[in-house]
Amino acid sequence: MVSEINKVVIVGGGTAGWITAGILAAKLNTPQQKLIDISVIESPDIPAIGVGEGTWPTMRDTLKSMGINEGEFLSQCDASFKQGSKFIGWLNGEANDAYYHPFSLPTKFHEINLAPYWYEHKSTHNFASTVCHQPAICEQNLAPKQITAPQYAFAANYGYHLDAGKFAPFIRNHCTERLGVDHISDEVTAIKSHPNRAIESVVTKRHGTVKGDLFIDCSGLHGLLIDKHFEVPFNSVKQYLFNDSALAMQVPYSDEDSPILSTTNATAQDCGWIWDIGLQSRRGVGHVFSSAHADVSQVERNLRQYLAQSVGTKVSESLEFRQLSINPGYRQQLWVENCVAVGLSAGFVEPLEASAIALIELSAKYIASQFPQNPSHMAIIARRFNKKFEQRWHQVVEFLKLHYVLSNRRDSDYWQDACSAETQPESLKEKLQLWQHQAPYHFDSEHTEELFPAASNQFIYYGMMAETNFAMPTKQTQYAHQLFDDNQQLSQKLVAAMPSNRELLNKIRQHGLAKI
Amino acid sequence: MANPVLVNNIDHKNVKIDTRRSAELGDNVWFTLTFPDEFRAVQTHYPIFFQKDPNTGEFFPVALFGFAQNENLFLDENGWDAGYVPLFVQRQPFTIGTQMQTIDGQSQENRVLTMDMDHPRVNEEHGEPLFLEFGGNSDYLERIAGMMETLHLGNEQNKDFIACLNELELLEAVNVDVQLNDGSKHQMVGFYTINEEKLDQLPDDKLAGLVKSKYLFFIHMVLASQTNISHLLKRKNRQLGL
């Protein structure tokens, strides 16, 4: 049977547009045979917003599936390895208040739930380092692999930190040169629809009318198709996550040997939190905040004070910032007729767990693997997609909120509001009750393909020193203790063997990474 | 730690190089770097594999002498029991150094002969002198100089050869499993070899390119050399009295 859906038009370039194009082209077409025609209409005048400099480990698979050389990606996108997140000052804001949410799972996670066994030692041992080898590596700014490891292989799981302004053009070149994606550099001026509102074509300034069977709205905050054409209502989540602004800065390293962080560091402040991301050539630092709780001058002061600790007052005071606004929430429907929203046009929340790029990848992979054959097939896919991604957005909101509600901080209105019961989703309240009696684990999930694995819940819940009343007898104590010892040995071994992030990235610039 | 110095006929007029083959003189290595122009001689005696440089991740071909670190199965009380000793072993204790030189106001990098003064071969009693009575180069030193030039070209040749193998994705990881006569098993990891299946499936134009560059010949030498694993095994069994 011949597919009736064979022309995909992606409106908007940027990270969302090009990742989506790349994933679709790599999955649906082969170098020999182009079954689906994929075009990206990218406005030359609208600068990409460049959201999110952090990815999940899913990005390794995404890049690999597109046939991208990891060494070239790292060097050309100023990218570094991200092995998870470090949350500083979230529990009480005192010195030494920090915990890791690493990308590697607790050891033998699918075989044994180590949380109850760790729990007896919680006063002397932190959860993440006891069950996982990654925090030790991160603590020393070490890389997750050695130069002899093949591309995308690792000793500790990783994603990336990257310069979004370099990443989008990098993927664009790969898409157009290797994957047969058409790049139309033009501006969309009008949308023509079928009688049933489905989009028939978009009209561009210089390339005339571009017809398509499936349209993907990657136009970012403009929401050209999903908002302007279909007028899908926006589902605000500001009642749960009230951070609605950010100040962002590019921070130079003090010298070319300065260490590159292994994690995104998120440091809690009295009115939000500061992200700190280490790229190869600079840091990306920013302060997310709630405009209802603080004004820009207070946030700017926080940010400069934070930076002064690492670069000194003089540099800190000299840096310029950019203000961004965040409207936390997502579209009530993401797929309408023959149009699906991916990226910022679909929604956005504060980048606490770097979900933005991950959701782009997941959306594009869903579309590619469930690619509709005809309009009636598409209607089913659309319904299922909407259900799935509404769940996922809700999971993001719930998981981000989890980071706040376990805090003991009450030092400002912001933290009082962030922790108050009225600002918590009901589903999260239920989970928190559940976890008072049992550790987060696989079986407490109500959905398959949970966006954040149960391990993530464990790392946050126990990182924040939350309590569980374990009543179950713990039968495998000896085995668990052996795993703790093994983990400690592995941690030490890796700390001794792994190069620093800086050293490995410099080597990759020089020698690349082998495919095998 | 190596202590390389520039070879010269003043500081080193009495220096001799002990050219006997023994573990004490540093021959207890289980593999050495090799290069395509040497493959024909090497494959007569030793298996050729590829390894990754731990500092750069780049591949290089090696000739294998044993199954574990410090094990050279070709060494016995009479020296090195094989008709050919690879040049990267023979060149010890010499290395190629670089020196900046200014010629007509232009600075350029020159290759110079350096020697590891802490190497056990370096002494003033036994072996080949570097210089003649009045400071002229000995035949031995001339031979070494020629050898170092060959090795330099060998390194360059490796770069092109490896780049070609990478380009055609002809390398694959291989675990070398050996079983001794007493049933004990040894596995060596971190080795790579030519993927024969991929080689067989190369399109004609690529194959023609490999013939023309002579790389196909070198590839076949590598593949043929692997039967030497069984010779190594025989030596190992014999050494253990098995």
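Note that the coordinates shown come from a computational prediction; the quantities given were computed from them, not determined experimentally.

*Asks:* Is there a simple way to explain the overall build of chain B in this structure?
*Replies:* Counting secondary structure elements, chain B contains eight helices and 13 strands. Projecting the C-alpha coordinates of chain B onto the three principal axes gives extents of approximately 60 × 55 × 30 Å. Burial status across chain B gives 25% buried among its 242 residues. Across chain B, contacts joining residues at least 24 apart in sequence account for 71% of those joining residues at least 6 apart.

*Asks:* Got a minute to help me understand the overall build of chain A in this structure?
*Replies:* Secondary structure assignment for chain A yields 16 helices and 21 strands. Against the compact-globule benchmark of 24 Å for 516 residues, chain A has a radius of gyration of 23 Å, which places it among compact chains. The C-alpha extent of chain A, read off along each of the three principal axes, is 65 × 50 × 50 Å. In chain A, buried positions account for 51% of the 516 residues. Taking as baseline every contact in chain A between residues at least 6 positions apart, the subset at least 24 positions apart corresponds to 77%.

*Asks:* Please explain the packing of helix α1 (residues 14–28) of chain A against helix α10 (residues 355–369) of chain A as it appears in this structure.
*Replies:* Each pair of packed helices can be described by the angle between their axes along with the distance between the axes. Residue and element names in this part refer to chain A. Relative to each other, α1 and α10 sit at 30°, their axes nearing to 9 Å. As α1 runs across α10, the sense of the crossing is right-handed. Between α1 and α10, the residues in contact are Thr 15, Ala 16, Ile 19, Thr 20, Ile 23, Leu 24, Lys 27 and Leu 28 and Ile 357, Ile 360, Glu 361, Ala 364, Lys 365, Ile 367, Ala 368 and Ser 369, respectively. Here the contact of α1 with α10 is built from residues that sort into 10 nonpolar, three polar and three charged.

*Asks:* Is there a simple way to think about the interface of chain B and chain A in this case?
*Replies:* How big an interface is tends to be stated in terms of the accessible area lost upon association of its parts. Counting from both sides, the interface comprises 11 residues of chain B and, opposite them, eight residues of chain A. Counting residues per element, the side of chain B that touches chain A draws most heavily on strand β12 (residues 171–179) of chain B, at three residues.

*Asks:* Honestly, the nonpolar core in this entry has me stumped. Any pointers?
*Replies:* One broad trend across soluble globular proteins is that nonpolar side chains are buried collectively. Counting residues in hydrophobic clusters, the biggest one holds 176 residues, and the most contacted among them are Val11(A), Ala21(A), Leu24(A), Ala25(A), Ile216(A), Val340(A) and Val342(A). Core analysis: the second largest hydrophobic core is formed by 10 residues, Val122(B), Leu130(B), Phe131(B) and Leu141(B) among them.

*Asks:* How do you make sense of the sheet that holds strand β1 (residues 4–6) of chain B when you look at a structure like this?
*Replies:* The strands making up a sheet are joined through hydrogen bonds of the backbone, oriented either antiparallel or parallel. Residue and element names in this part refer to chain B. The strand order across the open sheet built from three strands is β1-β9-β8, with neighbouring strands paired in antiparallel fashion. On the outer flanks of this sheet lie β1 and β8 (94–103), each paired with one strand and no other. Sheet twist, expressed as the average angle between the axes of neighbouring strands with direction ignored, equals 40°. Judged from the 10 bridges that link them, β8 and strand β9 (residues 106–116) form a sheet pairing that is antiparallel. Each bridged residue has a counterpart across the sheet, and for Phe 94 the counterpart in β9 is Met 115. Sheet strands touched by helix α4 (residues 139–167): β8 and β9. Its angle to β8, the strand with the most contacts, is close to 85°.

*Asks:* Explain helix α7 (residues 164–178) of chain A to me, please; I cannot follow it from the model alone.
*Replies:* One full turn of an α-helix is made of 3.6 residues, so residues set three or four places apart face in the same direction. Residues and elements named next belong to chain A. Taking 1.5 Å per residue, 15 residues should reach 21 Å; α7 reaches 21 Å between its end C-alpha atoms and fits that length. When α7 is considered as a whole, its buried residues turn out to be Phe 167, Ala 168, Phe 170, Ile 171, Arg 172, His 174 and Cys 175. Looking at the buried positions of α7, the neighbouring elements they touch are α1, α3 (70–76) and β7 (182–185). One or two positions beyond α7, positive phi appears at Gly 180, with a value near 70°.

*Asks:* Explanation requested: the sheet that holds strand β14 (residues 264–269) of chain A in the structure shown.
*Replies:* All names here are of chain A. Spatially, the seven strands line up as an open sheet ordered β5-β4-β14-β15-β16-β13-β17, and their pairing is mixed. Of all the strands in the sheet, just β5 (98–102) and β17 (321–325) have a single pairing partner and so form its edges. In this sheet, adjacent strand axes meet at a mean angle of 20° when their direction is disregarded. As paired elements, strand β13 (residues 245–252) and β17 share five bridges and run antiparallel to each other. The residue of β17 that forms the bridge with Met 249 is Phe 321.

*Asks:* What's the story with the pairing of β12(B) in this structure? I'm lost.
*Replies:* Residue and element names in this part refer to chain B. Here β12 pairs with strand β13 (residues 185–194) via eight bridges, running antiparallel. Across the sheet, Asp 177 pairs through a bridge with Gln 187, a residue of β13. Counting the residues that bridge the hairpin from β12 to β13 gives five residues, and of these Gly 183 lies at a positive phi of roughly 90°.

*Asks:* It is not clear to me how the environment of Ile199(A) should be interpreted in this structure. Could you clarify?
*Replies:* All names here are of chain A. Assignment of secondary structure puts Ile 199 in strand β9 (residues 199–204). Considering only alpha carbons, one finds Ile 199 and Trp 273, 74 residues apart in sequence, at a separation of 41 Å. Contacts of Ile 199, omitting those with residues within four sequence positions, involve Ile 191, Ser 193, Phe 215, Leu 225, His 229, Asn 338 and Cys 339.

*Asks:* Explain the packing of α10(A) against helix α11 (residues 375–405) of chain A to me, please; I cannot follow it from the model alone.
*Replies:* Residue and element names in this part refer to chain A. Remark: α10 packs on α11, axes separated minimally by 12 Å, with the N-to-C direction vectors making an angle of 165°. Here α10 lies roughly antiparallel to α11, going by the angle between them. The interaxial crossing formed by α10 with α11 has right-handed handedness. Listed contacts from α11 to Ser 355, Leu 359, Leu 362, Ser 363 and Tyr 366 of α10 are Phe 385, Lys 388, Phe 389, Arg 392 and Val 396.

*Asks:* Looking at this model, I keep getting lost on helix α14 (residues 454–463) of chain A. Mind explaining?
*Replies:* Residue and element names in this part refer to chain A. By the criterion of burial, α14 is predominantly enclosed, with 10 of the 10 residues buried. Structurally, α14 contributes buried residues whose contacts are with β4 (84–88), β5, α4 (115–119), α5 (127–131), α11 and α13 (426–435). Taken from the residues just after α14, Met 465 is the one with a positive phi, measuring 60°.

Cut-off values and rules
Residues numbered from 1 in each chain as written. Chains lettered and ligands numbered in written order. Predicted model: local features only at pLDDT ≥ 70, side-chain atom pairs only at ≥ 80, totals over all residues. Helix = DSSP H or I, 4+ residues; strand = E, 2+ residues; numbered from the N terminus. Buried ≥ 20, exposed ≤ 12 C-beta atoms within 10 Å, placed from the backbone. Contact = placed C-beta atoms within 7 Å. Rg over C-alpha atoms; globule rule 2.2 N^0.38 Å. Axes fitted to C-alpha atoms, helices over the stretch in contact; angles between N-to-C directions. Left-handed = near helix turned anticlockwise from the far one by under 90°. Nonpolar A, V, L, I, M, F, W, Y, C, P; charged D, E, K, R; others polar. Core = buried A, V, L, I, M, F, W, Y, C linked by C-beta atoms within 7 Å. Pairing = 2+ DSSP bridges. Expected span 1.5 Å × (residues − 1). Parallel < 35°, antiparallel > 145°, perpendicular 65-115°, else oblique.

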